[in-house]
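Listed below are the residues making up each chain.
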There are 2 protein chains.
Amino acid sequence: MLKKQLIMEKALELFSEQGFEATSVQQITERCGISKGAFYLSFKTKDELIISMVENYLQRFVTDVDQVVKSSLSKDIKLVEFYKSIFQAFKNHAAPARVFFNEKVLLSKKELFQKIIAYDVEMSKSIIYMLEQLYQDELHETKYDVMYCIKGFMKSYSELFIFSDIPLDLDQLARSLAEKTEIIARHTTIPFITEELVQLTAKPCNEEVSQESLLELIGQHLDGLEESIERESLELLKVQIENTTYSKPILKGLIENLRLQPDHRWVAYVIAKYFNI
Amino acid sequence: MLKKQLIMEKALELFSEQGFEATSVQQITERCGISKGAFYLSFKTKDELIISMVENYLQRFVTDVDQVVKSSLSKDIKLVEFYKSIFQAFKNHAAPARVFFNEKVLLSKKELFQKIIAYDVEMSKSIIYMLEQLYQDELHETKYDVMYCIKGFMKSYSELFIFSDIPLDLDQLARSLAEKTEIIARHTTIPFITEELVQLTAKPCNEEVSQESLLELIGQHLDGLEESIERESLELLKVQIENTTYSKPILKGLIENLRLQPDHRWVAYVIAKYFNI
DNA sequence: TATACTAATGACTAATCGGTCATTTGTCAA
DNA sequence: TTGACAAATGACCGATTAGTCATTAGTATA
């Protein structure tokens, strides 16, 4: 789908310049050099466009970071590489960052809110994974606080990339923040963020996932999905939802199959939530 | 002006629910129980409303914090009280916080952008004042980094108040963050944020680079720069600024020569901006 | 060349927007 | 009761919006 990509790119430019609500479909199609009708061949509504964009760009950001975290880099340099990859991403993709990290209008649309939260949770998990790897048992109660600090560093320092194009030394920035993280991790004694708190913020809308809406979501995903492990997993899960049979480990495995493919991460997240996994 | 206050309050509710662009004047007047005409007796335009609101709420937030900073509290407790006042404000005024700290659509309106930046600068100044008071000469080069960390803590932890209404122990939060700040201040050795950088972000980025200031900057760089490709490039560029002769590709090449050397990256950036390259 | 089919168009609609202004309502002193 | 003045109204305006659909253009097959 080349057309879809083109629209997303140009729309991104406009959203980052003017904001989502203030940008009209007309403007988007003009910048693409296509007709208004052509837009609606690619996306059913304007909302569908922004949803696709969130999936496209946030997905990439989160998985990029996760890749560094899960890489075989030595402990000495992992933290530095972690920060370097994050700010490299902010530098190269300042426009999407501006839109998705700042435009919280998006949060008034429930579906998007959930999705953005979900990606934030993914990011948190990556960071926690890294911290456990780096410090193992040294961090007990302060693990989640260190995670919050890291996210704070990201938020604060990323503004340098988002609101200006001053040339910055990424290496030094990464080393500087790695040192700060190290210091915080080694010396903090007063915890505040508990595991319980993290779980609470992960699902602020304690809205239950209804069986009906979940089956519909799965139906949509199955459409236009060719024969594959993912399809089979999804079909098995669908049966499972209608009539419980398998045990938790099997379910978890099936969901994990889906999670590997970026396109299915969201549906995997929702199913996991439904089964409380 | 009671009517003005009423409108601002109700508008704030709606903005925090739906965002600025997505909220119509009609909706505001309906919630206020007044007519559309009455709205325009208080505010000339919808934009004037949001500007007034920014002034009203951000003003209060910044001055509240500044009051604590400038107070006669002892060093031991000042940091804790600083954080307590900040999160107290976030707790009590979650709605304005949601609007003004997250809705960066506002930034597409130039006048507002400048104003919000101005308040951010005020906040930074308060924090720096506090750090100088607390640590005096102990912090040399890392002063601005500590300030960025504090702002990062604020951004990260404030989400707990903005996106949920979980009951939280403000005292422990403040003590926890005060400890983190203390640790960072005492142990950081690798600085990243320089005074120059802070001044740059304080200025609106669209500012034209004047020929005069540019020549001065180049002059500074030429001093203490021995004979080299970089020096020659810089001298050629200096001549070029005073009297255009070369074509764009040549200029770009000369600037590129400078960019390779970290020390000259900044001057390269400014020159590129001057020539619109 | 004729046919069949998809991709693309842009005039069109109904709704909504920010903003205006002739008119009505409410409140005084005389 | 009247007249004068300000406060408040809401029908109305032109512009703009998201979204539709009859029509046309382009392309592949027969």
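Along each chain, residue indices are assigned from 1 in the same order as the chain's sequence is written. Written order decides the labels, with chains lettered from A and ligands numbered from 1. Thresholds applied to this predicted model are a pLDDT of at least 70 for local features of residues and 80 or more for the giving and counting of side-chain atom pairs; totals over whole chains, interfaces and linings are not thresholded and use all residues. Each side-chain value is derived from all of the structure's non-hydrogen atoms; neither hydrogens nor water enter the calculation.

Asker: Could you give an account of the overall build of chain A, naming the residues involved and the relevant values?
Answerer: Counting from the N terminus, the helices are the DSSP runs of H or I reaching at least four residues and the strands are the DSSP runs of E reaching at least two. Counting secondary structure elements, chain A contains 14 helices and zero strands. Starting at the N terminus and walking to the C terminus, you meet the elements of chain A as α-α-α-α-α-α-α-α-α-α-α-α-α-α. Using C-alpha atoms as the atom set, the radius of gyration is obtained and then compared with a globule rule of 2.2 Å times the number of residues to the power 0.38. Against the 2.2 N^0.38 benchmark of 19 Å for 277 residues, chain A shows a C-alpha radius of gyration of 20 Å, consistent with a compact globule. In terms of its C-alpha atoms, chain A occupies a principal-axis envelope of roughly 55 × 55 × 30 Å.

Asker: Any details on the interface of chain A and chain B? Residues and values, ideally.
Answerer: Note on definitions: a residue-residue contact is assigned when non-hydrogen atoms from the two residues lie within 4.5 Å. Taken together, the 48 residues of chain A in the interface contact 49 residues of chain B. Here chain A meets chain B over a buried area of about 4400 Å², counting both sides, of which 69% is carbon and sulfur. Think of a salt bridge as a Lys or Arg side-chain nitrogen and an Asp or Glu carboxyl oxygen that are within 4 Å of each other. Where chain A touches chain B, the interface holds four salt bridges. The shortest N-O distance in the salt bridge between Lys-155 of chain B and Glu-159 of chain A comes to 2.9 Å. Identification of polar contacts relies on pairs of N or O atoms within 3.5 Å, with a donor-acceptor requirement for protein atoms, meaning one able to donate a hydrogen and the other able to accept it, and with residues adjacent in sequence counted only if both atoms are side-chain atoms. Seen at the junction of chain A and chain B, the total is 16 residue pairs in polar contact (both at pLDDT 80 or more). Of all the elements in the fold, those that place two or more residues in the side of chain A that touches chain B are α1 (2-18), α8 (143-162), α9 (170-187) and α10 (195-202) of chain A. In terms of residues, the side of chain A that touches chain B owes the most to one element, α8 of chain A, which gives 11 residues. Two parts lose some accessible area (1.4 Å probe) when they are put together, and adding that loss for both gives the buried area.

Asker: How would you explain the protein's contact with DNA strand C if you had to name every residue and give the values?
Answerer: Any residue with at least one heavy atom within 4 Å of a molecule or strand is counted as near it. The environment of DNA strand C is made up of 13 residues, and the closest members are Ser-35 of chain A together with Val-25, Lys-36, Tyr-40 and Lys-46 of chain B. Counting only atoms of DNA strand C within 4 Å of the protein, the sugar-phosphate share comes to 54%. In the environment of DNA strand C, a phosphate oxygen lies 3.5 Å from a nitrogen or oxygen atom belonging to the side chain of Ser-24 of chain B. Contacts to DNA strand C include Lys-36 of chain B, whose side-chain N or O atom sits 2.5 Å from a base oxygen. Elements with a minimum of two residues in the surface near DNA strand C: α3 (36-42) of chain A together with α3 (36-42) of chain B.

Asker: Please give an account of unusual backbone geometry that cites residues and values.
Answerer: Unlike most non-glycine residues, Gln-136 of chain A shows phi in positive territory, near 45°. By the element assignment, Gln-136 of chain A lies in the loop between α7 (110-135) and α8.

Asker: Which residues make up the protein's contact with DNA strand D, and what values go with them?
Answerer: Near DNA strand D there are 13 residues, and of these Val-25, Lys-36, Tyr-40 and Lys-46 of chain A together with Ser-35 of chain B occur at the shortest range. Of everything in DNA strand D that lies within 4 Å of the protein, sugar and phosphate atoms constitute 56%. The separation between a base oxygen of DNA strand D and a polar side-chain atom of Lys-36 of chain A is 2.7 Å. One nitrogen or oxygen atom from the side chain of Lys-3 of chain B is found 3.4 Å from a phosphate oxygen belonging to DNA strand D.

Asker: Could you give an account of the confidence of the model for chain A, naming the residues involved and the relevant values?
Answerer: Every residue gets a pLDDT, meaning the predictor's confidence in that residue, from 0 to 100. With 91% of its residues at a pLDDT of 70 or more, chain A has an overall mean of 86. Put simply, helix α14 (residues 265-274) of chain A is where chain A has its lowest mean pLDDT, 76, and α9 of chain A is where it has its highest, 96.

Asker: So what's going on with the packing of helix α8 (residues 143-162) of chain B against helix α9 (residues 170-187) of chain B? Which residues, and what values?
Answerer: Residues and elements named next belong to chain B. Each axis is a line fitted through C-alpha atoms, taken for helices only over the stretch in contact, and angles between the N-to-C directions span 0 to 180 degrees. Contact geometry for α8 and α9: axes closest at 10 Å, N-to-C directions at 155°. In this view, α8 runs roughly antiparallel relative to α9, as classed from their interaxial angle. Handedness of the α8/α9 crossing: right-handed. Here α8 contributes Val-146, Cys-149, Ile-150, Phe-153, Tyr-157 and Phe-161 to the contact with α9, which in turn contributes Leu-170, Leu-173, Leu-177, Lys-180, Thr-181, Ile-184 and Ala-185. Every angle not falling under 35 degrees, over 145, or within 65 to 115 is termed oblique; those three ranges are roughly parallel, roughly antiparallel and roughly perpendicular. Each helix crossing is assigned a hand: it is left-handed if the near helix lies turned anticlockwise from the far helix by less than a right angle, otherwise right-handed if that turn is clockwise.

Asker: Break down the pattern of salt bridges for me, with residues and values.
Answerer: Residue and element names in this part refer to chain B. Inspection of the entire model under this criterion finds 33 salt bridges over all chains. Here Glu-132 ties to Lys-143 by a salt bridge, and the two come within 2.8 Å at their closest N and O atoms. Of this pair, Glu-132 sits in helix α7 (residues 110-135) while Lys-143 sits in helix α8; the two residues are 11 residues apart in sequence, bridging distant segments of the chain.

Asker: Got a sec to walk through the nonpolar core? Specific residues and values, please.
Answerer: The tendency in soluble globular proteins is for nonpolar side chains to be buried side by side. What is meant by a nonpolar core is a set of buried Ala, Val, Leu, Ile, Met, Phe, Trp, Tyr and Cys residues, joined one to another through side-chain atoms within 4.5 Å. Exposure categories follow from relative accessible area, calculated using a 1.4 Å probe and restricted to protein chains: below 20% of the type maximum is buried, above 50% is exposed, and the middle band is partly exposed. The biggest cluster of nonpolar side chains holds 111 residues, and the ones touching the most others in it are Tyr-83, Phe-87 and Tyr-157 of chain A together with Tyr-83, Phe-87, Tyr-157 and Ile-271 of chain B. Not counting chain neighbours up to four residues away, the residues in contact with Tyr-83 of chain B comprise Ile-150, Phe-153, Ala-174, Leu-177, Ala-178 and Thr-181 of chain B. Counting 27 residues, the second-largest nonpolar core is a separate cluster that includes Cys-32, Phe-43, Val-54 and Ile-116 of chain B.

Asker: Describe in detail a nonpolar patch on the surface, supporting the description with residues and values.
Answerer: On the surface, Leu-236, Tyr-246 and Ile-250 of chain A cluster together to form a nonpolar patch covering roughly 240 Å² of accessible area. Tracing the backbone shows Ile-250 of chain A in helix α13 (residues 248-260). Each patch is built from residues lacking any salt bridge and having more than 30% relative accessible area; the joining distance is 9 Å for like charges and 5 Å for nonpolar side chains (Val, Leu, Ile, Met, Phe, Trp, Tyr). The Shrake-Rupley method, run with a 1.4 Å probe, gives the accessible areas here. Residue values count only the displayed protein chains as cover.

Asker: Quick one: what's the story with helix α12 (residues 229-242) of chain B, residue by residue and with numbers?
Answerer: The terminal C-alpha atoms of α12 of chain B lie 20 Å apart, and with 14 residues this matches the ideal 20 Å at 1.5 Å per residue to within 8%. Those residues of α12 of chain B not exposed but buried are Glu-230, Arg-231, Ser-233, Leu-234, Leu-237, Gln-240 and Ile-241 of chain B. The span one expects for a helix is its residue count, reduced by one, times 1.5 Å.

Asker: Go over helix α1 (residues 2-18) of chain B with me, naming the residues and quoting the values.
Answerer: Residue and element names in this part refer to chain B. The terminal C-alpha atoms of α1 lie 24 Å apart, and with 17 residues this matches the ideal 24 Å at 1.5 Å per residue to within 8%. For α1, the full list of buried residues reads Ile-7, Met-8, Ala-11, Leu-12, Leu-14, Phe-15 and Ser-16. Trailing α1 by a residue or two, Gly-19 shows a phi angle of about 95°, which is positive.

Asker: Tell me about the side chain of Gln-59 of chain A, and please be specific about residues and values.
Answerer: Residues and elements named next belong to chain A. Among the structural elements, Gln-59 can be located in helix α4 (residues 46-70). According to the relative accessible area criterion, Gln-59 is buried, its value standing at 7%. Side chain to side chain, Gln-59 and Tyr-119 meet in a polar contact 3.2 Å long.

Asker: I'd love a proper account of the packing of aromatic side chains, names of residues and values included.
Answerer: Residue and element names in this part refer to chain A. Working definition: a ring pair exists when centres of Phe, Tyr or Trp rings (six-membered ring for Trp) sit within 6.5 Å. Plane angles under 30 degrees give stacked, over 60 give edge-to-face, the rest tilted. Taken as a whole, this structure holds 20 aromatic pairs over all chains when the rule is applied. Ring centres of Phe-39 and Tyr-40 lie 5.0 Å apart, and the angle between their planes is 75°; this geometry places the pair in the edge-to-face category. By the ring-pair criterion, three or more aromatic residues cluster together here, those being Phe-61, Phe-82, Tyr-83, Phe-87, Phe-90 and Phe-161. By the criterion adopted, a ring carries a charge over it if an Arg CZ or a Lys NZ lies within 6 Å of its centre and within 35 degrees of its normal. Stacked on the ring of Tyr-129, the Lys or Arg Lys-70 has its end atom at 4.7 Å from the ring centre.

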